[in-house]
Amino acid sequence: MEHDVVVVGGGCVGVSTAYHVAGRTDLDVALVEKEHRLAAHQSGRNSGVLHPGFNYEPGTRKAEFAVEGTRRMKAFCDEHGVPCEEVGVVVAARSDAEVRRLDDLAAQADANGVDATVVDGERLRELEPHAAGREALHCPEAASVDAQQYVYALAREARERGVTLHLDTEVASLDRTAGGYSVRTDSGTIDAGVVVNAAGLHADRLAHSVGVGERYHVVPFRGEYYELPPDRRDLVNSMVYPTPDPELPFLGVHYTRRTDGSVIVGPNAVLAFGREAYENTDVDLDDLRDALSYEGFWRLFASPKMLRVAAAELGTSFSKARFAAAARKLVPAVTESDLAPSYAGVRAQVVSRGGDLVKQPVFVEDDDRGVHVLNAVSPGLTCSLPFGDHLAERVEAMA
Ligand SMILES: Cc1cc2nc3c(=O)[nH]c(=O)nc-3n(C[C@H](O)[C@H](O)[C@H](O)COP(=O)(O)OP(=O)(O)OC[C@H]3O[C@@H](n4cnc5c(N)ncnc54)[C@H](O)[C@@H]3O)c2cc1C
C-alpha cells in the first residue's frame, strides 16, 4: 500500500492534521489508528473544556493556539452540530497569594485578547453560590465541548476531503526509505512520502525508533474523575477552578459542567504505572521499566515539591475521602457520598532529560519526510484546529 501522507494516531491532533493536509493540498492522505474507534485515549478521556487562554504566557505557541483554537472550535461545532456550550469559568482564589495571582491571570488574559475580569466574593457567589473564594477571575468565553463528537465530526469532514481511515491498525515501527518512510503495521506495510506521528502516549517511542526527539520522553499521569449525582448538580452552574500554581502543569481538582448537563469533579494527576493504565491497579511492566530507567524521571522527582505533590495526588487516587477533601476546598458543601466514580484519562506528559515538565507544544521535523508531535500538551483539545493546521502547513512544505 502507498500514500503520499500517513498520519499515525486518530486523536484530535492526528485527525485535525489529516483534515487540514487534505484541505490544503491534493495529496493522498491516510490516517492509521490502532484502536477500533477514534478518540479512544486522551482525546476522548479529558474534561472537554475549551480553555480560552488566560492561563498561558502571552507570545507563546500555546497561548496563540489556545486563543485561536477556542474561537475556531466554537465555529466548527456550531457548523457541524457538535454540542458545545459557552458556560464560562470562575477561577477561585482563597488566599492572599492566590488573590495576587488572579491579577497576573487577568493581565495575561488581556495580553492574549481574552475577556476575563477579577470579581469580588459577592459577585463570585452570584455566579457560583456554592463556591468558596475571596475573589475570582471570571472568564465567560470558556466552553464545554463533547470531545468525542468533535473528533468524529472532524473525521467525517476529513473523509469528505478524501482522507482514508485505517482503524484497528497498529504501527509497529517506522523506517526511513529513499522516498520517505516505510510504515510497518500489524496489517501490512504502507509506503509514505511524509509521515505525521501523532501517536499521543506512544509518540515518543515511534520518534525515538528513527532517532528523532530523544530529548523528550513521555511520563504518564492519570487524571481520575468523579461525578455529582443528578440531584446535586445544582451545586455548580458552570466551571469552577482553583487558582493554578504556575510551577505545575496540572490545574488541580475542579468542577466542569458538561454538555450533557452532568458535572464532573477532577481530574487529579497521579503518576500512572502504564501509558494506558486507566485504573489505579493497572500496571504495565514495560512502561514502568521504561519510566524508571529514564534519567529525566528521577530528576523530576528529585524536587521535594514534585515529590510532595505526587504523594498527595496518589493519596487522592487511593482514598476517596482525600479526593473529597480536595474537592471541598472549592465547593465546601460537597460530601464524599456526593462523588460517584466516573472515567479516567492518562496525560502524555513530556519530561525533558533535565527533569522539566515540558509545557509548550513540541513537534520535531525529520528532514523532508516526517513530523513527530512529541508534546500535544494540555489544552491539546482546545489547540487542535490551529495545531493541526500548522502541522499541515509543514507537511505541505515537505511534500
Ligand atoms: C485527564 C485529561 C484531561 C484533559 N482535559 C483537557 C481539557 O479540558 N481541554 C483541553 O483542551 N485539553 C485537555 N486535555 C489534553 C488533551 O486531551 C490532549 O492534549 C489531546 O487529546 C492530545 O491529543 P492527541 O491526538 O495528541 O493524542 P491522543 O488522543 O492520545 O491520540 C493518539 C492516538 O494515537 C493512537 N496510537 C498510539 N500509538 C499508535 C500506534 N503505534 N499505531 C496506531 N495508532 C496509535 C492512539 O490509539 C490514539 O488514538 C486533557 C487530557 C487528559 C488526559
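Looking up the protein chain in an unreviewed UniProt entry gives the name L-2-hydroxyglutarate oxidase, with the organism given as Halobacterium jilantaiense. As recorded by UniProt, the Sequence similarities (unreviewed entry) comment attached to the protein chain reads in full: "Belongs to the L2HGDH family." Regarding the protein chain, the relevant UniProt record gives this comment under Cofactor (unreviewed entry): "FAD".

**Q** Looking at this structure, I do not really get the site of the ligand. What am I missing?
**A** Not every one of the 36 residues close to the ligand is listed here, only the nearest: E33, S43, V49, A376 and T382. At 2.6 Å, a side-chain N or O of E33 approaches an oxygen atom of the ligand. One of the backbone N or O atoms of A376 is found 2.7 Å from an oxygen atom in the ligand. Across the complex, the protein chains shield 97% of the 1000 Å² of accessible surface that the ligand would expose by itself. Top contributing element to the shell around the ligand by residue count: helix 11 (residues 380-398), with three residues. For the shell around the ligand, the class distribution of residues is 14 nonpolar, 16 polar and six charged. A domain-level breakdown of the shell around the ligand finds at least three residues from each of domain 1 (1-84 + 144-215 + 359-399) and domain 2 (218-237 + 267-352).

**Q** Is there a simple way to think about the nonpolar core in this case?
**A** Counting 46 residues, the largest nonpolar core has V5, M73 and Y150 as the members making the most contacts within it. Per-element tally for this core: the top contributor is helix 11, with eight residues. Those residues within four positions of M73 in sequence are excluded, and the remaining contacts are L50, V145, Y150, L381, T382, S384 and L385. Listed in part, the 26 residues of the second largest apolar core include Y181, L201, V210 and V218.

**Q** Which parts of the structure should I look at to understand the environment of P379?
**A** Topologically, P379 is positioned in the loop between strand 20 (370-375) and helix 11. For P379, a relative accessible area of 2% translates into the label buried.

**Q** I tried to follow the environment of A132 on my own but got confused; where do I start?
**A** Here A132 is to be found in the loop between helix 4 (121-127) and strand 7 (135-139). With 200 residues separating them along the chain, A132 and P332 place their C-alpha atoms 6.8 Å apart. Those residues in contact with A132 that lie beyond four places of it in its chain are A92, R94, L124, R125, K329, L330 and P332.

**Q** What am I meant to see in the sheet that holds strand 4 (residues 84-85) here?
**A** Backbone-to-backbone hydrogen bonds join strands into a sheet, with any given pair of strands oriented parallel or antiparallel. Pairing is antiparallel across the open sheet formed by three strands, whose spatial order is 3-8-4. Each having just a single partner strand, strand 3 (49-50) and strand 4 make up the two edges of the open sheet. Strand direction decides the pairing type here: strand 4 and strand 8 (residues 143-145), joined by two bridges, are antiparallel. Across the sheet, the residue bridging to C84 is V145, located in strand 8.

**Q** In this structure, what is going on with the pairing of strand 12 (residues 188-197)? I would like to understand it.
**A** The two faces of a sheet get side chains in turn, since along a regular strand they alternate between them. Of the strand pairs in this sheet, strand 1 (residues 2-8) and strand 12 are connected by six bridges, and their pairing is parallel. Within strand 12, the position partnered with V6 by the bridge is V195. Pairing analysis gives five bridges linking strand 11 (residues 180-185) to strand 12, with the strands arranged antiparallel. Bridge assignment links R184 to a residue of strand 12, and that residue is T189. Between strand 11 and strand 12, which follow one another and run antiparallel, lie two residues. For strand 12 and strand 20, the ladder comprises three bridges, and the chain directions are parallel. Pairing of V195 across the sheet is with G370, part of strand 20.

**Q** Whenever I open this one, the domain arrangement of the protein chain confuses me. Can you help?
**A** Interface size is commonly expressed as the accessible area that is lost once the parts come together. Domain boundaries in the protein chain define domain 1 (1-84 + 144-215 + 359-399) and domain 2 (218-237 + 267-352). A separation of 26 Å is found between the C-alpha centroids of domain 1 and domain 2. In this assembly, 17 residues from domain 1 lie in contact with 20 residues from domain 2. A per-residue breakdown of the area domain 1 buries against domain 2 is headed by R45, L201 and R205, which together make up 42% of the total. At the surface where domain 1 touches domain 2, the tally comes to four salt bridges. A salt bridge links K34 to E276; its shortest N-O distance comes to 2.7 Å. Summed over the shared surface of domain 1 and domain 2, the result is twelve residue pairs in polar contact (both at pLDDT 80 or more). Only helix 6 (203-209) and strand 20 provide two or more residues apiece to the side of domain 1 that touches domain 2.

**Q** Could you clarify how one ought to interpret the pairing of strand 19 (residues 362-366) in this entry?
**A** Here strand 19 pairs with strand 20 via five bridges, running antiparallel. Paired with V362 across the strands is N375, a residue of strand 20. Joining the antiparallel neighbours strand 19 and strand 20 is a turn of three residues, in which D367 adopts a positive phi near 45°.

**Q** I keep staring at the packing of helix 5 (residues 147-160) against helix 11 and nothing clicks. Help me out?
**A** The geometry of a pair of packed helices is captured by two quantities: the angle between their axes and the separation between those axes. For the pair helix 5 and helix 11, the least separation of the axes is 12 Å and the interaxial angle reads 15°. With respect to each other, helix 5 and helix 11 are oriented roughly parallel. Helix 11 is crossed by helix 5, and the crossing has left-handed handedness. Of the residues in helix 11, those in contact with A147, Y150 and L154 of helix 5 are L381, S384 and L385. The residue inventory of the contact of helix 5 with helix 11, partitioned by class, reads five nonpolar, one polar and no charged.

Procedures and definitions
Numbering of residues starts from 1 in every chain and runs along the sequence as written. Only residues with pLDDT of at least 70 are given local features in this predicted model, and only at 80 or more are side-chain atom pairs given and counted; all residues enter the totals for whole chains, interfaces and linings. Side-chain metrics in this entry use all non-hydrogen atoms of the structure; hydrogen atoms and water are not considered. UniProt positions are given in the numbering used here, feature names are shortened, and annotations may be inferred rather than shown by experiment. Residues are labelled near a given molecule or strand when at least one of their non-hydrogen atoms is within 4 Å of it. Distance and chemistry together define a polar contact, namely a pair of N or O atoms within 3.5 Å, with one atom able to donate a hydrogen and the other to accept it when in protein, and with adjacent residues in sequence counting only for side-chain atoms on both sides. Values of accessible area rely on a 1.4 Å probe in the Shrake-Rupley scheme; residue burial ignores everything except the protein chains shown. The secondary structure listing takes helices from DSSP runs of H or I that are at least 4 residues long and strands from runs of E that are at least 2 residues long, numbered from the N terminus. Residue classes follow a fixed rule: Ala, Val, Leu, Ile, Met, Phe, Trp, Tyr, Cys and Pro count as nonpolar, while Asp, Glu, Lys and Arg count as charged, and any other residue, Gly among them, counts as polar. Boundaries between domains were set according to an automatic or database domain assignment. What makes a nonpolar core is a set of buried Ala, Val, Leu, Ile, Met, Phe, Trp, Tyr and Cys residues whose side-chain atoms join them at distances within 4.5 Å. When accessible area is computed with a 1.4 Å probe and restricted to protein chains, residues below 20% of their type maximum are described as buried, those above 50% as exposed, and intermediate ones as partly exposed. By the convention used here, residues are in contact when the closest approach between their heavy atoms is within 4.5 Å. Note on pairing: DSSP must find at least two bridges between two strands before they are called paired. By buried area we mean the combined loss of accessible area, with a 1.4 Å probe, across both parts when two parts are placed together. Between Lys or Arg on one side and Asp or Glu on the other, a salt bridge is scored when a side-chain nitrogen of the former is within 4 Å of a carboxyl oxygen of the latter. A fitted line through C-alpha atoms represents every axis, and for helices the fit uses only the stretch in contact; the resulting angles, taken between N-to-C directions, go from 0 to 180 degrees. Here is the rule for angles: anything less than 35 degrees is roughly parallel, anything more than 145 is roughly antiparallel, 65 through 115 is roughly perpendicular, and the remaining ranges are oblique. We call a crossing left-handed when the near helix sits turned anticlockwise from the far one by less than a right angle, and right-handed when that turn is clockwise.

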